[in-house]
Every structure is written in C-alpha cells, then in structure tokens.
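Each chain, letter by letter, is given below.
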Protein chains: 2
Amino acid sequence: MNAFDPAISPLDWSELDDQAVKTIKALAADAVEKVGNGHPGTAISLAPAAYLLFQKTMRHDPADPHWVGRDRFVLSAGHSSLTIYLQLFLAGYGLEMEDIAALRTWGSKTPGHPEFRHTAGVEITTGPLGQGLASSVGFAMAARRERGLLDPDAAPGESPFDHHVYVIASDGDLQEGVTSEASSIAGHQQLGNLVVIWDDNKISIEDDTDIAFTEDVLARYEAYGWHTQRVDWTNGGTGYDEDVHGLAAALDAAKAETGKPSIIALRTIIGYPSPTKQNTGGIHGSAMGADEVAGLKVALGLDPEQSFAIADDVLAHTRAVAQHQSAQREAWETAFAAWKTATPAGAALLERLTAHELPEGWTDSLPVFEASAKGVATRAASGKVLTALADTLPELWGGSADLAGSNNTTMDGEPSFVPVEHATKKFPGHEYGRTLHFGIREHAMGSILNGIVLHGLTRPYGGTFLQFSDYMRASVRLAALMEIPSTFVWTHDSIGLGEDGPTHQPIEHLAALRAIPGLDVVRPADANETAWAWRTILENTANPAGLILTRQNVPTFERADAAADAAGFARGAYVLRDTEGTPDVVLVGTGSEVQLAVEASEALAADGIAARVVSMPCREWFDAQDAGYREQVLPAAVRARVSVEAGIRQGWHEIVGDAGRTVSIEHYGASADAETLYREFGITAEAVADAARASI
Amino acid sequence: MNAFDPAISPLDWSELDDQAVKTIKALAADAVEKVGNGHPGTAISLAPAAYLLFQKTMRHDPADPHWVGRDRFVLSAGHSSLTIYLQLFLAGYGLEMEDIAALRTWGSKTPGHPEFRHTAGVEITTGPLGQGLASSVGFAMAARRERGLLDPDAAPGESPFDHHVYVIASDGDLQEGVTSEASSIAGHQQLGNLVVIWDDNKISIEDDTDIAFTEDVLARYEAYGWHTQRVDWTNGGTGYDEDVHGLAAALDAAKAETGKPSIIALRTIIGYPSPTKQNTGGIHGSAMGADEVAGLKVALGLDPEQSFAIADDVLAHTRAVAQHQSAQREAWETAFAAWKTATPAGAALLERLTAHELPEGWTDSLPVFEASAKGVATRAASGKVLTALADTLPELWGGSADLAGSNNTTMDGEPSFVPVEHATKKFPGHEYGRTLHFGIREHAMGSILNGIVLHGLTRPYGGTFLQFSDYMRASVRLAALMEIPSTFVWTHDSIGLGEDGPTHQPIEHLAALRAIPGLDVVRPADANETAWAWRTILENTANPAGLILTRQNVPTFERADAAADAAGFARGAYVLRDTEGTPDVVLVGTGSEVQLAVEASEALAADGIAARVVSMPCREWFDAQDAGYREQVLPAAVRARVSVEAGIRQGWHEIVGDAGRTVSIEHYGASADAETLYREFGITAEAVADAARASI
C-alpha cells in the first residue's frame, strides 16, 4: 500500500457503478457488431475488473496521461482492446463514443490492438501474446531504479515515485514462454509493485483450454516466488457473481504484499451474460450477431433497441474519477513539491530525464582509441564506452542474458540491480543497482527493456550473442513498432565467433534484422566507430537500435580527420579511404569486414586500380540521408561496386547494383577458428579484390 | 519400465566403470586444453551421469545408430558437447581418440556443439539453449504417435516401439521460455516416456546462478504435472559423492512412472574434482590451463603427464556395451519379428516410413479447384488439401498454436492427440490421435515439430499466424540447419489479415524468413497452387518449408495447362500469363499479389504494352533451377521488371535489377479492412501498371 493511493477497502460501489459496468458490456458488443469483427467476449466479462481498476484502484489522471506519479496499466490481453478503450472513454482520456463506434477502422483512435503513441492512456502496444505481461516486469523494475535515482531514502510507499503496475493478462499470456521467463525474473527481483489479474476464463480460440492447458498456473507462480490469490466469480461453478468487493479485497492484499509480485486468478465466464455464446470460443474473436447482442442487453436489463448508448449520469459519474481522487492527488503534489525543494539535484535530473535530453558536454566522456593494427574487439571497445559514460549518464543502465563477460555490458564497478539477498560474490548489488542480470532469458530481456523505456525516464540496454536475437525478435519488433529507443547489444556477430560453430554463428541475422522497419542495425568497424555508435544511438530517442559487435579483434584505423569520419558515421556511411579523382570501384564494407575492403584497396592500388572504401555501419541511417549525400558516398557514375559482409547478400544488390558484386556467405557456418572460417568461406581481401576486378 | 530394457537395479558397477568415468573427465580437460577453448566443466562433472546413461541405462546399439527400437538421447546442454562425444567414443559409435583431440577444429567430427547428420549417434543439433529439451517433447510425442500407427494394441512397455527419451539439460535450458512452453505441453500430454536429468550445478556464465535464477524449479515442474526427484551429490553441501547408484535408482523410479514425464534435479559441482576451478564460472566455458588440467588428473589418480590416454581394458569394457545388452536385444528382435509377422500392413508401413517414401499414386488424392473469380482463401484450400490427404498419408499429422480454425490445420474428422481425460467437446481425441494442440506456444510448437521429424517416421506440420513466426524463429532456423522437413503453416500472411492491425500484420516476415539458409518459403497464389505447394513440400525430405497462406479470398485462376503450371510451380516460378513474342515488361508476384499482376497486365495490354506475369511462389526453388530455366522465365533481355508483394522490398532488387521497380510496403500496417489497407498502402493493380510503365 502506497501513500496517495485511493482507498478501495471498504469499496465505495454504487448503483451508478453497476450501471457503468453494464453499459461497458453493451458497448463492447455494439462496437464489435458494428465493424463486424473483433473480440467482444473478454471485453464483456472483464468489464467489472477493468472498471474497478480505472475507477477505484489506480492512481491516475485522465487530464494528465503522463503524470509521473501515476500507476501504470498494461493490457497484456491486447486483443481485448475494448477493455482499455472503454475505460479510457469513461474516465475521459479523450476517447468519445464516436471513437468506440470507429473500432478497428482506418484512421480511428481505436485500432484492433492498443497502440502506444496512438491513443492517450495506452502505455504500451500489446497484441502479440505474452509481451505485455513480460514488459510489465520492465515497468516494475524501472519504477524501482528510478526511485533509486531520485528518492532512494524515502520510506517504502512514501515516495511520490512509489506506484504500482497493474496488468490484465489472458490465458494466452500465461502460456507464452516470454511470460514464463519474465515472471521468473519478477519473482527473483521481488517486485512488490507488480499486480497481475489473470482472466482465468478457460476459453481460448480452440475453445475449452483443457485441450492444451492443464497445468496448475498458480502453483507455477508460487514456484517463481509470487504471491498468489484466487477469486472465483463462478463460486466453484455453482453460479456467477461479479463480486467486485472480493476482487477489491484481493487487490488490497496484493498491494499489502510489498516483497513479491502478485497474481490474482480471476475465474470469469467469457462473454457473461451473453445468452447463448457465453463460455464458448465463439465469443472470443468474432462478432456476436444482432440477436445475441440484443439478448445480452436484455440480460443486462438494457434496452435492446439502443446501440452505443450511455446514460448521462453514468458518464458524468465516471468522468469524475480524478475528482474522486483529488485528496490523494493533493497530498501527492505536496509531497512532490517537498521532494523538489529538498532534492534540487534530483529535481533537475528528473527534468532532464523527462525531457529525454542528454547532459551538456556528455560526449566529452567518450573514449578515443589510438590507431592500432592489432586493434581491439568492438565488444571490448563498447565495454570501455559504457564504463566511461557511467558517471555522466545515470539514466544509462543495462546488462546481459548471462553473457556479461562476453558481451562487455557491465560498467566497471557498478552494483547489480538485484535484491541484496540474491547478490553474489562476483556481482555485489542491491535493489537500486545498475547492472541487469536477465539469466538465460533473451526474450524476456527484450520485453523488459521495452518496459523500462516505456516507464519513461531511463535508457536501458541488454546484451546477448547476435545469434540469439532470434529468441527476442518479437520484442525487438515491438520496440520498432512503438518507436522507442531500446538498445540491443548483440556481440559475436558472425563466423568470427569461431569454434562454437553453426548454431552460434549468425549468417542471416544482419539481413533479417535490417528487415524490421524502424530498427537501426549498427555495425561499427573499429573501436572509434563503436564510440560513435553509442553516441548516435543515445542521441536518438525515436526508435530502437541493435548494436552489432565483434568477438574478435579488429584493427583500429588511422584517421586523418576523425571529426569528419564521426559525422559521416552518424549518417550511416562515409568514405573511409579514398583515391584521387573518380574511383574505378567502390568497396563497401560493414563491421569487421571493412578491414578487408581496406586491404583489398591497397592490393588494387598496387595494380593501378583506384578503389574507394566506404564504411557503411548503418543502412537505415544512410537511407535516411538526402540524395546529395548518398551520391557523394556512392557516385552513380561508378557502377563497379563490391559489398563485403560476413553474412548473406540479401539486400546488398540494392547498393552494388547490376554491375556490382557481393562477397558474402550463403550457407551456415562451421566449428573452427575464425581465421580458418574466413579463409575457407572466402571472406578475404583477395576475394574482395577479385570481385572488384570482375565488377570493373 | 519397458520390456527389453537393460536392468539397472541393482546397478552393476565395477572398478572398470570407475576408471572409465575418471578417464572421461581427463579427456574432457585434454580436449578443451588442446584447442584452447570450449566447455570443460560440465563434461567433467556430468561424466558419471552420461556414462550411466550410455553404458547402463539406455537401450541402444553403437553398430546400428538408427535402430528403430533404440532409446533416444538429447544433449540439451549442447555446449557440453564432450558429454556426448566421449560417450560415443567409449561406446564405439565411430569416434576415435583423434576425433576427440580434433575438438572444435575445421572438418572434425567433433564440432563445438553436436550436429545432427554430422556425427553418428547425435540425434539432434543442440546449442541454442532450450531447444534440445523442447524438441525432446516432440521425440516423446512422436514415439506415442508412431506406436499408435504401428502397434497400438500392445500392452504398455511390451511393444518393440516402446522406448524412452533421455535428456541432459542445463540451468540455461531450464530458464529459456521455449522449455517452459514445451514442459507444460509434456505434462499435459502425460509423456511417461520422457526422462530429463537437470544438471543443477548452480553455475552459469555469470557464475553463481543466484544472481538471476532463484525460482523453485522442481515445484514449477510439479505444477506442469511432472514427476520430480532430487539427487544431491553434494549431500546438502557437506561433501561430494558421485553416487551413481542413487542416480540409477532415480532413473528407475522415473521409468516406473509411466503417466508423467520425469525430471531429476542432479546437484553436481561443475568441474569436480578440478582443484581450484571447480564450482566456478571460470570452468564453464574456457580452457582450464595446463596446471589445472594436471591438478585434475592428480585428483583423479591419473598420470598428469599423459594426455588423451585411455587404458585398453577400459576401452574394451565400454566398447562391449552392446554385448552387455545382447539378451535384451535378442528378446527385442524376437518380439519385433513376431510383430512383423502378425502385422504385415504395419510392417509395410514401417518400411515405407523408414525409407521416407510416399505411397504410390498419393497425389491422386490432391483436390483440384475450379477456376473462380471470387476464389477461396489459400488457408481454406490448404485445409481441404490436408483433409483430402488424411487417409492416404497416415504419417501426416499436425495442428496449431491455438488457431486451428484460423489456420485450417485440422483434417476433418480426425481425433486429437491428447490424453482422453483432456479431450474436449470441440476436440474429441485420445492418446494416439492426430490433431495437435500446442496451446498459445509457438516456439515450443516449432521445437516439437523438429523433435517429431527427428524421431524418424512421420511428417508433422504446425500452424500459427505468419506474424508469430517471429516467436518460433530459433526453432525454424534449427530445422533448416539440420536439413529436416518440418512444415510450418503460416496463415494471415500480410496486411490482408485486416483489422487486427500492425501487431498482427507481417511486413518484413517474408524477407526475414527467406534470409534463413535452407528454409523454403512457399507462398501460393491460389487454391491450386496451394495443393501443388503441399505436393512439392511433402515430396521433399531434405529441408523445412514455411507455407505462407492468406486469410482473405484470392481468385482461383483459369489455367490452360494446369499440368505445365504445376511443373513450373515446383520449380519456384513460372509464366502464368504470357504475351506473344518478347514481353515489354515482366511482372513478378507472389501469393495474393499475383492477381494484381494479372490485373495490371490486362490494363497494360489495353495500352498496347505486352506484360508477362510470373508467379514466383518460392524464391529458393527458383534459385535452385539451372540458368536455362531461369532465363526462360526471366529473360535477361527484358530489363523492365516489376515485383509486387505486400511486404518489404528487401531482396527483390536482385530479381528486378537496376531498371526494375518494386511495389512493396516499407512501414508497418494499420488496423482497417484489407481492401482499404491495400488501397491506402498502394498495393494495387494500378501501382503495378504504373511501375511497369516507369520501368520500360
């Protein structure tokens, strides 16, 4: 229980509240009926629970959807988008009846699944099952970290930054592996600020969930270290009573447990009280039909002739939700003002973090690496960059999915973010620590990073091998779709990882990640490019990035004009080595293969062939440049072009054109040392030079 | 307990067995030391357990690695590849000492992770954590289904087809979500033939697993419905005793439980008895160093001066493993011969399935669809194909990740594969049923399909929305890497799915899947192409396929020569509509966009422009054709080309060339009806015609 929370025990529940719930059920049926498709069932049966959250339980302000003190709500069951839209409409977040009636139509504020940035009050895009619940763990972790940055010494529940994260999850959310991973982390992290209501309706698209889902879910959550409760509105199957008082008591008990995340199994009947389709798969994902909608309204005591109807007094009542919480809000504002006065540095930090601005001069902290033929692995350079930024950017934090030492994702000397009792000899830490430990759970890592970003104030990163980006792909895509700056650190980026063999060697991953719209795939060629990569990524708050790093050493290039190169790097591609006049051929490389292009250019020069070398660390950034810059780097007149990248050629034809050549790998890797693999698979300077000659 | 199993209780364990285990530990250290990298720790500490399995517990025959009656072994902890290589060496599967010494080097039989098809005795490629354990659930399911096809009436444990699946799993395997999903399915399916040993060593790469992994694993597995046991070789932390008798007793108890899968938490000390590095993350994934290797040998009572040494009597003892089981093998052969005599149809079926041959004339069962402008969704056509094949191909079975009705993956009237007590009104079934229900667990579905294929006799398929191929990508890649014919049915293949919006609309997925080497991505354009797609996929046993199907209706094309079109289809691309003489432009489409190319060609014809329409259902098949056929379809002389596909253009430049145009979608979708989306996003016949004019 936090200070400033509205009281829900005893629950103040009136006839108007009952009417509001009935209205929600009818509107859910109307909205799906009108468009002819959608998911009415859960929106109908969960109406009382969602209403209880938005009208009685959660601390929020429809007039100020970004209020830093708000509780967060995550509709993990995103297909039941009406569950949130109808609450946003009733509470007054800006949705009106015409928006409800425009459900799932072009340009509406009420798309099929809730979309972040699209509809005020939606904290996260949900739809792919499991992602919401998994990201909610990130929300809850972020809340703790942010409190640690801003107000660590406040008594539990007394800080203006103490709040809860509420989740509504479906059977599907509970079956997805990403949720299992994240839920294990949530228990381990003892996230007492996380409260999940699981809609235990025993119906999914294949109807009775007994066909595939008979585990004991609450026992599983106990095993994860969660606080578990059961609220059964069917009274053991003997009837149906939407007992909001019982659910409120369970929510109270969940909040009282501050050392564990909570899950409440709420046994509902999907679509209740729809006369013939309740408790069937048929009401899950289809319009109900006019008769059934009418029957539902009759069962609710509503006029079956009316559609999209709400009584004025009901709407006035629900729109007053902020007024009902005004005393608590006032107390919160007082406490917040007191905190600002007492903590001017914290207040300044909060202001900066809220604006998503970087501190002035922060780039001075970035290391500069000496040119060196022996060089350094870009993963190692990345580790140095992170450590160098530790003091300057308190908002930057992250870790790895059990590959800390391999991913170089630990800032030297920073404590781990972990309950003290779970800190280890190797990783000391505490609840406000900085180094994240995801365990061997890449998918949860992705979703949790997204949740941390969405919570609002910090910049998290998480690392694994590039190969395992496959495990987290769904969450990476969501980051891109939501246009949020999650940072994925993917090391061991190619056959260069060597002996672990084809199960661990990325071949298609660069292409497959570039395929994701809105994801920046950044593959620096040397240590200095790695520093510039972090700079450009951190300066961008509009979309996610994958930072692709080598296991093996790569030379740190000599640079005549590092500032110019850095500027070019931020544009996605630049001329690293040039010739006098128009080149005979342009060699384009990324990451560890840029050195091969450089070597090849030297060999070609010895033959009197003038080759330009372009380092192209980020195709997406380069594509965003104006035609003039692109022409400057890749002159249309030079049709002889070669790309070199230790991965498939897919997508490179666009750069090299019909006259060009690609030096690539079109098959899986093998287990051997990196040098052997590069040689045997023909990713060599000689191959680049030969391709250049063939292209000219 | 099955008939024909070697007895392990009481365990016959001799001094030679002790010597063998010590030898394994030393060899593991030697092998990693020689190559300078790898994972010695687990191979050292698990030596007694692996030896117990291969020498005493499992029914197998090194001289006959494909023996249909063998137990299966899955090393889910693939990084500890020495754990299996050393057993294969000792048991005599063809590995010799020089192979052990060649660990992780180019061309060796002992790559970094075990690879299927590469090393005799390796049943599955493992390495990406979680995949082995998840696929083992497929092995166990396949064993039941195959028994149901061949010998359903035998008493439990009495059939020659009854056997066990043994798994060694690591902490990482237990943390991955794919394992959680699959383990829930295994409990639900009551897979009594599955036995997992979890190497509970409390060390992973980030050292003490307490930093990220503190859940109660066995309680979780109880919640899934598993039989759980604990064997603690540390005696509660008071010492260390590699009590193989205790582990054998636990294995016996696991086998005695025939109604539940079993997990045995085996508490070990990683690297024991390595003098200074045991029980540290340091011994997990690095060479130990010469001193430590010597110290290990001293601790084992072996000569520290000797490397790659094995006593003759030890090797002779372990190579005799088949002789030790000869009585049971003889009894098995007798029973098998009796079964063949009693069941000639079964014997014939077994012979056909073992040869991976399709029955003669099977294609006669394939439906032919009438031309129709209104047409039919390819997912619906696919459902009809499956139902039509049900009687002809008993080896074909499959289902969906809770989208049966949407994916059209159920063969009409076939029973579900589910314990009778979990059958539902909508899905009646029994333990030998055919329709698979994965629940909302796409990743486990992928891994389980792989396990079913690897078990050897059947052809499984599994469906979900194309969007959720992202969730199962790691298992899809493994199918391709293993070159096994898992079939993935991915419906709702584009913005054509409509109102569910951008979280459900694939944009980049076709490109991202085509990026996976060895995966056939097959996108039929109409109902008849869908039938041909199934035909070509089923005729291929060399690699996996993704079958990409529409939600919405597409016209069923008129065809002058269906046989020629079918032949062209199987080559990956063919001319669907042609012009007289050399065309002015070639329009290339896939799936639902082929109709737009046809429409555009008609509009162009009206303008006097001769356009050829190519349907290109499978880029991979087309790439495999000789240059002559490719030239026939895409004449080099015709540089004006347009591709049209409702997804990103990545990879299409290669087909259309510098003079060509692509009609594509480079951003996320939206929530609206399909028609609106196609129009608003410019995927129209007009856009194709305009692009054609621009290209000419």
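Since we're looking at a predicted model, the values are computed, not measured.

Bringing the pairing of strand 3 (residues 194–200) of chain B into the picture now. Residues and elements named next belong to chain B. Strand 3 sits mainly inside the fold: seven of its seven residues count as buried. Residues Leu-194, Val-196, Trp-198 and Asp-200 of strand 3 are buried on one face, and the alternating residues Val-195, Ile-197 and Asp-199, pointing to the opposite face, are buried as well. Across five bridges, the pairing between strand 2 (residues 165–169) and strand 3 is parallel. By the bridge assignment, Val-165 is partnered in strand 3 with Leu-194.

A separate point is the sheet that holds strand 1 (residues 72–75) of chain B. Through backbone hydrogen bonds, the strands of a sheet pair up, either in parallel or in antiparallel fashion. Residues and elements named next belong to chain B. Strand order in the open sheet formed by five strands is 1-2-3-7-6, and the pairing between neighbours is parallel. Edge positions in the open sheet fall to strand 1 and strand 6 (227–232), since each of these has one partner strand only. Across the sheet, the axes of successive neighbouring strands diverge by a mean angle of 15°, strand direction being ignored. Of the strand pairs in this sheet, strand 1 and strand 2 are connected by four bridges, and their pairing is parallel. Paired with Phe-73 across the bridge in strand 2 is Tyr-166. Sheet strands touched by helix 10 (residues 244–256): strand 2, strand 3, strand 6 and strand 7 (262–267). Its angle to strand 6, the strand with the most contacts, is close to 175°.

Enumeration over the complete set of coordinates arrives at 64 salt bridges over all chains. Linking A:Arg329 and A:Glu333 is a salt bridge whose minimum nitrogen-to-oxygen distance equals 2.9 Å. Residue A:Arg329 and its partner A:Glu333 are both found in helix 14 (residues 326–342); the two are separated by four residues, about one turn of the helix. A:Arg329 sits in the buried class, given a relative accessible area of 18%. Across the pair B:Asp607 and B:Arg693 runs a salt bridge whose closest N-O atoms are separated by 2.8 Å. Highlighted residues: B:Asp607 in the loop between helix 23 (594–606) and strand 20 (611–615) and B:Arg693 in helix 28 (residues 685–695), separated in sequence by 86 residues. The exposure class assigned to B:Asp607 is partly exposed, which follows from its relative accessible area of 48%. One salt-bridge network, in which partners are shared between bridges, spans A:Asp61, A:Asp64, A:Arg329 and A:Glu333.

For the rest of this paragraph, the subject is the nonpolar core. Counting residues in hydrophobic clusters, the biggest one holds 160 residues, and the most contacted among them are A:Val585, A:Leu587, A:Leu634, B:Val585, B:Leu587 and B:Met616. The contact partners of A:Val585, leaving out residues within four places of it in the chain, are A:Leu604, A:Ile609, A:Ala610, A:Ala611, A:Arg612, A:Val638, A:Ala640, A:Arg641, A:Val642, A:Ala692 and A:Ile696. Of all hydrophobic cores here, the second largest spans 118 residues; its members include A:Val178, A:Trp397, A:Met482 and A:Tyr668.

Here we come to the relation of the copies chain B and chain A. Note on the copies: chain B fits chain A at an RMSD of 0.0 Å, the axial shift is 0.0 Å, and the rotation between them is 180°. The superposition operator between the copies reduces to a two-fold rotation axis. Relative to the rotation axis, the closest C-alpha in chain B is found at B:Gly177, a distance of 1.8 Å. Of the residues that chain B buries at the interface, 100% are likewise interface residues in chain A, meaning the two copies contact each other through the same surface.

This paragraph deals with the interface of chain B and chain A. Often, the extent of an interface is quoted as the loss of accessible area on bringing the components together. Contacts between the two partners involve 103 residues from chain B, matched on the other side by 104 residues from chain A. Summed over both sides, the interface between chain B and chain A buries roughly 8500 Å², with carbon and sulfur atoms accounting for 56% of that surface. For A:Arg639, the salt bridge identified is with B:Asp658, shortest N-O distance 3.3 Å. In this structure, the connection of chain B to chain A is made through 58 residue pairs in polar contact (both at pLDDT 80 or more). If you tally residues by element for the side of chain B that touches chain A, the top one is helix 19 (residues 473–482) of chain B, at six residues. Looking at the side of chain B that touches chain A residue by residue, the classes come out as 39 nonpolar, 36 polar and 28 charged.

Residues and elements named next belong to chain A. Domains assigned within chain A are domain 1 (15–328), domain 2 (362–556) and domain 3 (562–695). A separation of 33 Å is found between the C-alpha centroids of domain 1 and domain 2. With 33 residues of domain 1 at the interface, the matching set in domain 2 holds 35 residues. With both sides pooled, the region where domain 1 packs onto domain 2 buries about 3000 Å², and carbon together with sulfur makes up 62% of that total. The tally of links between domain 1 and domain 2 comes to one salt bridge.

Conventions we followed
- Residues numbered from 1 in each chain as written.
- Chains lettered and ligands numbered in written order.
- Predicted model: local features only at pLDDT ≥ 70, side-chain atom pairs only at ≥ 80, totals over all residues.
- Heavy atoms only, no water.
- Buried < 20%, exposed > 50% of the residue type's maximum accessible area, 1.4 Å probe, protein only.
- Helix = DSSP H or I, 4+ residues; strand = E, 2+ residues; numbered from the N terminus.
- Pairing = 2+ DSSP bridges.
- Axes fitted to C-alpha atoms, helices over the stretch in contact; angles between N-to-C directions.
- Contact = heavy atoms within 4.5 Å.
- Salt bridge = Lys/Arg side-chain N within 4 Å of Asp/Glu carboxyl O.
- Core = buried A, V, L, I, M, F, W, Y, C linked by side-chain atoms within 4.5 Å.
- Least-squares fit on C-alpha atoms with pLDDT ≥ 70 in both.
- Buried area = accessible area lost by both parts, 1.4 Å probe.
- Polar contact = N/O pair within 3.5 Å; in protein donor to acceptor, adjacent residues only side chain to side chain.
- Nonpolar A, V, L, I, M, F, W, Y, C, P; charged D, E, K, R; others polar.
- Domains from an automatic or database assignment.

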